[in-house]
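# Architecture and fold: a report
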Amino acid sequence: MTYQEVLENARTCSGPFCKACPVCNGRACGSQMPGPGAKGVGDVAIRNYEAWQKVRINMNTIAENKEPDTTFHFFGKDLRIPVMAGPVGAVKLHYGDKFNDVEYNDILVPAAAEAGIIAFTGDGTDPNVVRAATASIKANHGIGVPTIKPWDIDTLQEKFRMVEESGSFAVAMDVDAAGLPFLQGLTPPAGSKTVEQLREVIEKAGKPFIIKGVMTVKGALDAAEAGASAIIVSNHGGRVQDQTPSTAEVLEEIVKAVEGRMMILVDGGIRTGVDVFKALALGADGVLIARPYVTAVYGGGAEGVKLLTDKLAGELSSTMKMCGVSSLKEITKDCLFKPASPYISF
């Protein structure tokens, strides 16, 4: 099977929201909510993708000719590339009824590990979503990161018990999920957290804690104060708030504010190994890619996950060679040609 065949296969079973586009750029799915599209007018998912395309890299082949080392060290795990499959929940609702969350995670989690990366798993109002996700991670010897919604503390403690049983080496919370329509008005409640509440949550989690959904310097500083081990610069694919900037536009200023205090990851519109290179050059330690991995599973199962990962790895390695760097630490803002937008300054 080829990656192109994966996309073609996915088009036969994805939908009605996701079109398994040749390039996942947010245009075909538009403002469809709660489907894969963005909230409101739908421009944030499009903006995420297009902002990365405006970043240009410096080609330089006057350098030592050796194979680039793309190894990423992530909380004691060595990953093949600085890429992780992002958390996705309710796949049957959003992407088509070929798989439910249990079946999706049972494919993605071990396939990601086999491909040399790891998968973040999702959460939902149905407790079985996290139960199944953590069971998949446990069966995969703890190689995976459960991502929990911002529930009340009692609900979180119950979910953290499942996380602990999974043997996972880290846990995440997508605090930006507070804006998802299906989390509104619930009993028990889910929603935004103060620094003090996050500090309590992190203490109860009892392992490296990753806060997903940071889009401002203040948010990053608050996450650091709360004790987070890492943040993910993310606007939830544009699905929680209309008219926000792209992640590429805010990444550099966040890095400048908290670099060295925690690991910094980013997601949103990153689609190729070249985009991964750009994200690292702007200061990220690694990236998450979500929707394309859903398409990979729907179109090719475990083989689809491997093909997408191989594609990203090849593109990243090739870009590193052509830009004269041989390790991830050598990818700096000097590798970028000029600002991608008025919001990115050097």
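All values derive from a computational prediction rather than experimental measurement.

Turning next to the packing of aromatic side chains. Taken as a whole, this structure holds 5 aromatic pairs when the rule is applied. By way of ring pairs, the aromatic residues F72, F74, F75, F120 and F169 are connected into one cluster.

Here the amide bond leading from G15 into P16 is cis, since omega sits at 10°, within 30 degrees of zero. The residue A90 is not glycine, and still its phi comes out positive at about 55°. With respect to the helices, strands and loops of the structure, A90 is situated in the loop between strand 3 (83-85) and helix 3 (91-95). Backbone geometry places H236, a non-glycine residue, at a positive phi of 60°.

We now examine the pattern of salt bridges. Proximity of charged atoms lets side chains of opposite charge pair with each other. A full pass over the atoms with the stated rule returns 14 salt bridges. The salt bridge partner of K149 is D174, with a shortest N-O separation of 2.7 Å. Of this pair, K149 sits in the loop between strand 5 (145-148) and helix 6 (153-166) while D174 sits in strand 6 (residues 171-174), and the two are 25 residues apart along the sequence. The exposure classification of K149 matches that of D174, with both residues buried. Sharing partners across several salt bridges, the network here consists of R80, K306 and D310.

Turning to helix 8 (residues 217-226), a few remarks are in order. In an α-helix, one turn spans 3.6 residues, which is why side chains three or four residues apart end up on the same side. Within the sequence span of helix 8, burial applies to A220, A223, A224 and A226. The buried residues of helix 8 all sit within an arc of 165° when viewed along its axis, so they share a single face. Packing partners of the buried residues in helix 8 comprise helix 7 (195-205), strand 7 (209-214), strand 8 (230-233) and helix 9 (247-258). Backbone geometry just after helix 8 places G227 at a positive phi near 105°.

Turning our eyes to something else, we now look at the nonpolar core. Of all hydrophobic cores here, the largest spans 107 residues; its most connected members are F74, F120, I211, I231 and Y293. Considering every element that reaches this core, the biggest residue donor is helix 11 (residues 291-322), with 11 residues. If we ignore the near neighbours within four places in the chain, the residues touching I231 are I211, V214, A220, A223, I254, V258, M262, M263, I264 and L265.

On to the environment of M162, then. Along the polypeptide, M162 turns up in helix 6. Remark: the alpha-carbon pair of M162 and A115, spanning 47 residues in sequence, is separated by 25 Å. Apart from residues no more than four positions distant in its own chain, M162 is found in contact with V130, R131 and T134.

Let's shift gears to the pairing of strand 10 (residues 286-289). Burial along strand 10 is two-sided: the residues G286 and L288 and V287 and I289 are all buried. Here strand 3 pairs with strand 10 via 3 bridges, running parallel. By the bridge assignment for strand 10, M84 is matched with L288. Of the strand pairs in this sheet, strand 9 (residues 263-266) and strand 10 are connected by 2 bridges, and their pairing is parallel. The residue of strand 10 that forms the bridge with V266 is V287. Regarding topology, helix 10 (residues 273-281) serves as the crossover connection from strand 9 to the parallel strand 10, and that connection is right-handed.

Reading guide: rules and limits
- Residues numbered from 1 in each chain as written.
- Predicted model: local features only at pLDDT ≥ 70, side-chain atom pairs only at ≥ 80, totals over all residues.
- Heavy atoms only, no water.
- Phe/Tyr/Trp six-rings, centres within 6.5 Å; stacked < 30°, edge-to-face > 60°.
- Helix = DSSP H or I, 4+ residues; strand = E, 2+ residues; numbered from the N terminus.
- Salt bridge = Lys/Arg side-chain N within 4 Å of Asp/Glu carboxyl O.
- Buried < 20%, exposed > 50% of the residue type's maximum accessible area, 1.4 Å probe, protein only.
- Arc of directions from axis to C-beta.
- Contact = heavy atoms within 4.5 Å.
- Core = buried A, V, L, I, M, F, W, Y, C linked by side-chain atoms within 4.5 Å.
- Pairing = 2+ DSSP bridges.
- Right-handed = clockwise from strand over helix to strand, strands pointing away.

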